[in-house]
Amino acid sequence: MLSISHAATGAFIAVKIGNPLLAVPLILASHYVEDAVPHWDAGTGLSKGKKTPKAAFRDEIIDIIVAGIIVLILFPVHISLTSPLTALLAAPVWGAFFGLLPDFLEAPRNFLKYEPRWLRPINKFHGRFHHSIPNVWAGLAPQVLLLSLIWAFR
Ligand SMILES: [Zn+2]
């Protein structure tokens, strides 16, 4: 799914559960479950289509920026001007990070054609779940529904 969907889900779970020992495994599981839903995302068409790595990278950067904005709208985080890095400890921030982690681990392979040996089984596992479809509107519909549910129950 889009980074927007994974980040919002991760932030939602982190905020609702709080304890990272319980939340992080659930957030990672949510990533794989969401990827199994037929969807469209920034990388759709990259491996088996006409999308170039450059176009996918551009769309992914936009997706991540919008994801950050949406997470902060859904779950506002106080950012201290004297110690801004403490915001990384806020549940929505680390939740969003872990929600995106499987995609971050795949990024070097997708964009740099670089995949360390230790990442291969993790990326293979991820790839088994991933089910993207070329139809943008049909592929965005489940994500609009997901974000609406997160909005309603946040
Ligand atoms: Zn993924």
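All values reported here derive from a predicted model rather than from experimental measurement. (Residues numbered from 1 in each chain as written. Predicted model: local features only at pLDDT ≥ 70, side-chain atom pairs only at ≥ 80, totals over all residues.)

## Here we look at the overall build of the protein
The helix and strand inventory of the protein stands at six helices and zero strands. Along the protein, helices and strands appear, N-terminal first, in the series α-α-α-α-α-α. A globule of 154 residues ought to have a C-alpha radius of gyration of about 15 Å, and the protein, at 15 Å, matches this closely. For the protein, the spread of C-alpha atoms along the principal axes amounts to about 45 × 35 × 30 Å. Counting only contacts in the protein whose residues sit at least 6 apart along the sequence, the fraction spanning at least 24 positions is 73%. (Helix = DSSP H or I, 4+ residues; strand = E, 2+ residues; numbered from the N terminus. Rg over C-alpha atoms; globule rule 2.2 N^0.38 Å. Contact = placed C-beta atoms within 7 Å.)

## Things to note about the environment of Ala-152
Locating Ala-152 in the fold gives a position in helix H6 (residues 136-153). Separated by 53 residues in sequence, Ala-152 and Gly-99 place their C-alpha atoms 19 Å apart.

## Topic: unusual backbone geometry
The phi angle of most residues is negative, glycine excepted, and most peptide bonds adopt the trans form. Residues other than glycine seldom take positive phi values, yet Lys-113 does so here, at roughly 55°. Mapped onto the secondary structure, Lys-113 falls in the loop between helix H4 (91-112) and helix H5 (120-129). A tally of 8 C-beta atoms within 10 Å means that Lys-113 is categorised as exposed. (Buried ≥ 20, exposed ≤ 12 C-beta atoms within 10 Å, placed from the backbone.)

## Observations regarding the nonpolar core
Membership of the largest hydrophobic core comes to 24 residues, with the highest contact counts inside it found for Ala-7, Ala-8, Ala-11, Val-71 and Ala-96. Contributions of two or more residues to this core are made by helix H1 (3-17), helix H2 (20-36), helix H3 (53-74) and H4. The dominant element in this core, judged by the number of residues it contributes, is H1, at seven residues. Setting aside residues up to four positions removed in sequence, Val-71 forms contacts with Ala-7, Ala-8, Ala-11, Pro-92 and Ala-96. (Core = buried A, V, L, I, M, F, W, Y, C linked by C-beta atoms within 7 Å.)

## Quick look at the environment of Asp-59
Tracing the sequence through the fold places Asp-59 in helix H3. Assessed through the 18 C-beta atoms surrounding it within 10 Å, Asp-59 is described here as partly exposed. C-alpha of Asp-59 to C-alpha of Gly-43: the two residues are 16 residues apart in sequence and 7.9 Å apart in space.

## Points about the packing of H1 against H4
Across the interface, H1 lies against H4 with an axial gap of 7 Å and an inter-helix angle of 135°. Classified by the angle their axes make, H1 and H4 are oblique. Read as a crossing pair, H1 and H4 show a hand that is right-handed. Contact residues: H1 offers Ser-3, His-6, Ala-7, Thr-9, Gly-10, Ala-11, Ile-13, Ala-14 and Val-15, while H4 offers Ala-91, Pro-92, Trp-94, Gly-95, Ala-96, Phe-98, Gly-99, Leu-100 and Asp-103. (Axes fitted to C-alpha atoms, helices over the stretch in contact; angles between N-to-C directions. Parallel < 35°, antiparallel > 145°, perpendicular 65-115°, else oblique. Left-handed = near helix turned anticlockwise from the far one by under 90°.)

## Considering the packing of H4 against H5
Interaxial distance between H4 and H5 falls to 10 Å at its minimum, and their mutual angle equals 110°. Put simply, H4 runs roughly perpendicular to H5. At the point where H4 passes H5, the crossing takes the left-handed sense. In contact with Pro-102, Leu-105, Glu-106 and Arg-109 of H4, H5 contributes Ile-122, Asn-123 and His-126. Per-class residue counts for the contact of H4 with H5 are three nonpolar, two polar and two charged. (Nonpolar A, V, L, I, M, F, W, Y, C, P; charged D, E, K, R; others polar.)

## Let's talk about H4
Helix length check: H4, at 22 residues, gives a terminal C-alpha distance of 31 Å against a target of 32 Å (1.5 Å per residue), a fit within 8%. Considering bend angle alone, the principal kink of H4 is centred on Leu-101 and spans about 50°; proline Pro-102 follows within four residues of it. Residues of H4 that are buried: Ala-91, Pro-92, Val-93, Gly-95, Ala-96, Phe-98, Gly-99, Leu-100, Pro-102 and Asp-103. If you follow the buried residues of H4, they end up packed against H1, H2, H3 and H5. Just past H4, the residue Lys-113 takes up positive phi, approximately 55°. (Expected span 1.5 Å × (residues − 1). Bend = angle between axes of the 7 residues up to and from the residue.)

Read these as spatial facts, not as claims about activity.
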